[in-house]
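Overview (structure and organization)
Each chain, letter by letter, is given below.
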Amino acid sequence: MADHSGEITEGCRLPVLRKNQENEDEWPLAEILSVKDIPGRKLYYVHYIDFNKRLDEWVTPDRLDMKKLQYPKKEAKTPMKNGLPGSRPSSPERDVKKSLDLHVQSASAPSRGKTLPTPKRKAESVSLATQVTAVTPVPSIPGSAEASQASVYPTIRDSSFSIKSREEHEPLTSLTTNGTTSIQRHLIPPQPGRKRKNCGGTDEMVKVFQNNSPRCSTIYLLPGEDSQDSSDGIPSAPRMTGSLVSDRSHDDIVTRMKNINCIELGRHRLKPWYFSPYSQELTSLPILYLCEFCLKYLKSLKCLQRHLTKCNLRHPPGNEIYRKGTISFFEIDGRKNKAYSQNLCLLAKCFLDHKTLYYDTDPFLFYVMTEYDSKGFHIVGYFSKEKESTEDYNVACILTLPPYQRRGYGKLLIEFSYELSKVEGKTGTPEKPLSDLGLLSYRSYWSQTILEILMDLKSENGERPQITINEISEITSVKKEDVISTLQYLNLINYYKGQYILTLSEDIVEGHERAMQKRHLRIDPKCLHFTPKDWSKRGKW
């Protein structure tokens, strides 16, 4: 099909043949990112439009449909912004958007300032509605009336964030008690044609009673005490920035392409999904060899065998703080074990696209999960966290290596991060944005954990059992905003007879029980030996 392959240049778009999940042929539109000549033929590196970057690949000319070739559009010669060379050309659409932004800024956020740059730290990588009973659905839980203005969230461009979550919402205008208008962010947009009723603060009392069906319960939300874990009392949206969030504005053609062909780690060979900044001389190797205990990278199998005779490690460096059966967790200080931490980040970046990789691991702790056998402790996955987090983040990056995915290890890592938060006496939340797989894992974990709490509630003295959202947050260490967004994602919040209620239908209960039967791996708090440190004292570093 590619009779005129010589005409194809970088930036061209055309359909490319690939196999879908059902192993059927399909022709999605793809962009040519790079062309390379090898003896006898050309190869084209393609990115499938609207597909995750992990599917990008080198293809041969016979997989290209030249009949529908689209050449890149030439940029119009418009005057440069401010007349400066190298600036983006101005456009009426962008000017209108700018004027709207300025209007909103002057009305609600006069001191907004410029977009914050990504802090220069080393990033690690990731590789996470049901039917209800006949009650009227409600748009959202109203925020505290005392707050006059919500936070302003900078926009993060993330091509890997392919799943549209209910956390992506629009700012809504509401009236505060003093009559001033403020912009607030609600977890889901209100439904058209329905007026939102003001019914108390953000933390609500939950009442549970049994309906006619013994497997269906309803929860009443009554006004409760003010939240103590939010600075303004408003259930704000999940924050889209963090210490390790990638600034996608600096993407170039090099970082958009996978540069490592294959990685051999112990008994596994891994095909990287994304770019990772290994040394340039390593990118031409057919296989990059890693020591599975210290994660040092080597050029050849002979170099690896020679290294293994000298490497004394049979487990990650650091303290083993958890062991049950064959599963262990090791706590690694990014300052004390800098080489291991940097090697771990380089490996993990191969499977994560939305974090930036820097070389300062000092501010981070790494918790590596391993599986034990007679040869040693083999890495399964890990998560990292900041030693000091002003935003209550308990996870910076989280990754389960591909050979161990879809086996329950991802949820085990998430559960362990919240167990640490319980010991620390804090509520926690992961840094945003999450990858598509990370978003799925976190949604599933939050849903199962919260439903487990609600279904275990028992009535006292014949009255309906009650619980507040703050109490759910304290029991699970899940931040209150994540609790509320999960309840709304599950479509459990409704408005009934002047009160907010949560309704657990029979379908939700049965679905939860099926999911819990499949979840065999759980963290046993009795096996955790962990003493939190006060990292605000610099002597601890």
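See the structure printed just above.
To keep things clear, this report deals only with the structure shown in the data block. Keep in mind the model is a prediction, meaning the values are calculated, not measured.

**A look at helix α5 (residues 436-455)**
In this model, α5 (20 residues) spans 29 Å end to end at C-alpha, consistent with the 28 Å of a helix rising 1.5 Å per residue. Counting buried positions along α5 gives 14 out of 20 residues, so the element sits mostly inside the fold.

**What about the pairing of strand β24 (residues 493-496)?**
Two strands pair when backbone bridges link them, and β24 and strand β25 (residues 499-504) are joined in this way by 4 bridges, in the antiparallel orientation. Each bridged residue has a counterpart across the sheet, and for I493 the counterpart in β25 is L502. Count of turn residues in the β24/β25 antiparallel hairpin: 2 residues, of which K497 carries a positive phi of about 50°.

**With respect to the environment of Y442**
In this structure, Y442 sits in helix α5. When the C-alpha atoms of Y442 and I414 are compared, they prove to be 7.4 Å apart, with 28 residues separating the residues in sequence.

**A word on the packing of aromatic side chains**
Taken as a whole and judged by the stated rule, the model has 17 aromatic pairs. Among the aromatic residues, those joined into a ring-pair cluster are Y322, F329, Y367, F383 and F416. Here R18 stacks its cationic end above the ring of Y48, 5.3 Å away from the centre of that ring. The ring of W273 is capped by R54, whose NZ or CZ atom sits 4.6 Å from the centre of that ring.

**Focus on the sheet that holds strand β18 (residues 364-373)**
Strand order across the open sheet formed by 5 strands is β16-β17-β18-β19-β21, with antiparallel pairing between neighbours. The sheet is open, and its two borders are formed by β16 (319-324) and β21 (397-400), each paired with just one other strand. Taken pair by pair, the neighbouring strands of this sheet meet at an average axis angle of 20°, ignoring direction. Note that β16 and strand β17 (residues 327-333) share 5 bridges and pair antiparallel. Residue pairing across strands places E320 opposite F330, the latter belonging to β17. Along the sheet, helix α3 (residues 338-349) makes contact with β17, β18, β19 (376-386) and β21, crossing β18 at roughly 75°. Contacting β16, β17, β18, β19 and β21, helix α4 (residues 409-424) runs over the sheet at an angle of about 55° to β19.

Reading the values: the criteria
- Residues numbered from 1 in each chain as written.
- Predicted model: local features only at pLDDT ≥ 70, side-chain atom pairs only at ≥ 80, totals over all residues.
- Heavy atoms only, no water.
- Helix = DSSP H or I, 4+ residues; strand = E, 2+ residues; numbered from the N terminus.
- Expected span 1.5 Å × (residues − 1).
- Buried < 20%, exposed > 50% of the residue type's maximum accessible area, 1.4 Å probe, protein only.
- Pairing = 2+ DSSP bridges.
- Phe/Tyr/Trp six-rings, centres within 6.5 Å; stacked < 30°, edge-to-face > 60°.
- Lys NZ or Arg CZ within 6 Å of the ring centre and 35° of its normal.
- Axes fitted to C-alpha atoms, helices over the stretch in contact; angles between N-to-C directions.
- Contact = heavy atoms within 4.5 Å.

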